Amino acid sequence: MKTITLINGDGIGPEISDAVVKIIDAAGLKINWDVQTAGADVIGAEGTPLPDRVVDSIKRNKVALKAPVTTPIGKGFRSVNVQLRKTLDLYANLRPCKNLPNIETKFNDVDIVVVRENTEDLYAGIERQIDSDTAESIKLITRCASERIAKFAFEYAVKNNRKEVCVVTKANIMKLSDGLFLDSYRKVAENYPQIHNREILVDNLCMQLVQNPSQFDVLVLPNLYGDIVSDLCAGLIGGLGVAQGANIGVDYAVFEPVHGSAPDIKGKNIANPTALLLSAVEMLKYIGENKYAENIESALFKTLQLGVKTPDLGGNATTEEFTNSIIKHL
């Protein structure tokens, strides 16, 4: 029996975690869940949002499924997500964005995979206060990190029969930092002649994504652009409630939804577990349990096709009703 770390998060995290665990269990796959708590709820007892026991669990089990945890804006502790990515060197953030059945969107042919460098750039949060009126953030880009994320994107394209990898930068202005990222991509692209390579500036990408998103296949971006563009792509397919994610390194992988902990709807039995469930489906594929992944995904699609949807998707199903419908169609 496979042991997997489950970080059940805070806010709606425990509710959607319970739903996903029930669905996987009902599918017939037996997993030993190593349940760990993290985030705002553990600071009082343990003095940190990310206790060593959580990291030790992931290192021991190699794979984790993580529900959202709260990160205060502008103050408080540093993001648990950022700490995990740095500590475990989860250098690749993978966010597939594809239309789901019976979810109304502006476009019906979106199938984009966002590959985001996960360890450096402005998002790494290297900052200092110069004086009371001036703060500075450092945009750190290295050739090593840029080349390995480009290689990850091309390898993903080859493995999943994708046709193109498009690099996204602002290298016309940030000629050294984004220029280095672009140059690294170009060198890696030479090794994958079977995959079309393309270059685009991030502002132009955003415009074209809201005009004709079907033209894009795999996007590879530095950390901050990737964070922003992946949310834009989530908007194209119905919002953060259906947006899955994965953080993958050489030794470890953490699968999580893109959305936050939504404390305003905690305990109301209306939270949507779809994004965490799709992240779990990606996790099952990662560990080689493709049959179970396909069955769960099919049951989810059947549920959506029948119009069983939580309020954020325009329906009136509770979390429990939505979960039970998926289980029924397994």
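Residues numbered from 1 in each chain as written. Predicted model: local features only at pLDDT ≥ 70, side-chain atom pairs only at ≥ 80, totals over all residues. Heavy atoms only, no water.

Caption draft 1: Main features of unusual backbone geometry. Even without glycine at this site, K62 takes up a positive phi of about 75°. Within the secondary structure layout, K62 lies in the loop between α3 (52-61) and β3 (63-66). (Helix = DSSP H or I, 4+ residues; strand = E, 2+ residues; numbered from the N terminus.)

Caption draft 2: Representation of a nonpolar patch on the surface. On the surface, I126, I138 and L140 cluster together into a nonpolar patch covering about 230 Å² of accessible area. Inspection of the secondary structure puts I138 in the loop between β7 (134-137) and α5 (143-159). With relative accessibility at 37%, the residue I138 sits in the partly exposed group. (Patch = residues over 30% accessible without salt bridge, like charges linked within 9 Å, V, L, I, M, F, W, Y side chains within 5 Å. Areas by Shrake-Rupley, 256 points an atom, 1.4 Å probe, with all protein chains shown as cover. Salt bridge = Lys/Arg side-chain N within 4 Å of Asp/Glu carboxyl O. Buried < 20%, exposed > 50% of the residue type's maximum accessible area, 1.4 Å probe, protein only.)

Caption draft 3: How the structure looks around the pairing of strand β9 (residues 196-201). Bridge count for strand β8 (residues 164-169) against β9 is six bridges, and the pairing is parallel. Bridge pairing in β9 places V165 opposite N197. (Pairing = 2+ DSSP bridges.)

Caption draft 4: Region of the structure containing the pattern of salt bridges. Going through the model one piece at a time under the given rule, you end up with 18 salt bridges. A salt bridge links R116 to D227, with the nearest nitrogen and oxygen atoms 3.4 Å apart. Residue R116 is found in strand β5 (residues 111-117), and its partner D227 is found in helix α8 (residues 223-236); the two are separated by 111 residues along the sequence. The class for R116 is buried, based on a relative accessible area of 1%. For E199, the salt bridge goes to R186, with nearest N and O atoms at 2.8 Å. One end of the pair, E199, is in strand β9; the other, R186, is in helix α6 (residues 177-189), and 13 residues separate them in sequence. Residue E199 is classed as partly exposed on the basis of its relative accessible area of 39%. Here R186 falls in the partly exposed class, since its relative accessible area comes to 40%. One connected set of salt bridges, linked through shared partners, spans K66, R85 and E256.

Shape descriptors only; they carry no functional weight alone.
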